[in-house]
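# Fold and geometry: a report
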Amino acid sequence: MPRYVIERNLPSPLEIPVTAEGATAMAAIVDRNLEFGVTWVRSYVDTDRTRTVCVYDGPSPEAIRQAARANELPVDAIREVRVLDPYFFTGGA
């Protein structure tokens, strides 16, 4: 499955409460993503909480865009990436 990095500029600071409500909201995103064959791996949020860089696995950039639309999330850029692990070169040391 291809891996993608998605850049997003949010219209307002990201607010996800660390509560049952926040957990429910995140689970809903995960469930909608699955409808498009997309898996959310991880997100990084900048300090002002208005920009994110997210890592997703999915069948295509269009599937990523469709999942984002379903979740009402912006997409500013999508780039297919490969994993580069520094430990591969050191034999796991």
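The paragraphs below set out a description of the structure included in this document.

Each value, and the rule that gives it
Residues numbered from 1 in each chain as written. Predicted model: local features only at pLDDT ≥ 70, side-chain atom pairs only at ≥ 80, totals over all residues. Heavy atoms only, no water. Patch = residues over 30% accessible without salt bridge, like charges linked within 9 Å, V, L, I, M, F, W, Y side chains within 5 Å. Areas by Shrake-Rupley, 256 points an atom, 1.4 Å probe, with all protein chains shown as cover. Salt bridge = Lys/Arg side-chain N within 4 Å of Asp/Glu carboxyl O. Helix = DSSP H or I, 4+ residues; strand = E, 2+ residues; numbered from the N terminus. Core = buried A, V, L, I, M, F, W, Y, C linked by side-chain atoms within 4.5 Å. Buried < 20%, exposed > 50% of the residue type's maximum accessible area, 1.4 Å probe, protein only. Pairing = 2+ DSSP bridges. Axes fitted to C-alpha atoms, helices over the stretch in contact; angles between N-to-C directions. Contact = heavy atoms within 4.5 Å.

### Side note on a nonpolar patch on the surface
- On the surface, a nonpolar cluster with roughly 210 Å² of combined accessible area is contributed by Leu14, Ile16 and Val45.
- With respect to the helices and strands, Leu14 occurs in the loop between β1 (3–9) and α1 (20–34).

### Notes on the nonpolar core
- Counting nine residues, the largest nonpolar core consists of Tyr4, Ile6, Val38, Cys54, Tyr56, Ala63, Ile64, Ala67 and Ile78.
- Broken down by secondary-structure element, the contributors of at least two residues to this core are β1, β3 (51–57) and α2 (61–70).
- With three residues, α2 is the single largest residue contributor to this core.

### Some details on the sheet that holds strand β4 (residues 77–81)
- Taken together, four strands build an open sheet; the order of strands is β2-β3-β1-β4 and the sheet is antiparallel. Of all the strands in the sheet, just β2 (39–45) and β4 have a single pairing partner and so form its edges. Across the sheet, the mean angle separating the axes of adjacent strands is 20° when strand polarity is ignored.
- Both β2 and β3 contribute to a ladder of six bridges, which runs antiparallel. Each bridged residue has a counterpart across the sheet, and for Tyr44 the counterpart in β3 is Val53.
- Sheet strands in contact with α2 are β1, β3 and β4, and its direction is about 40° off that of β1.

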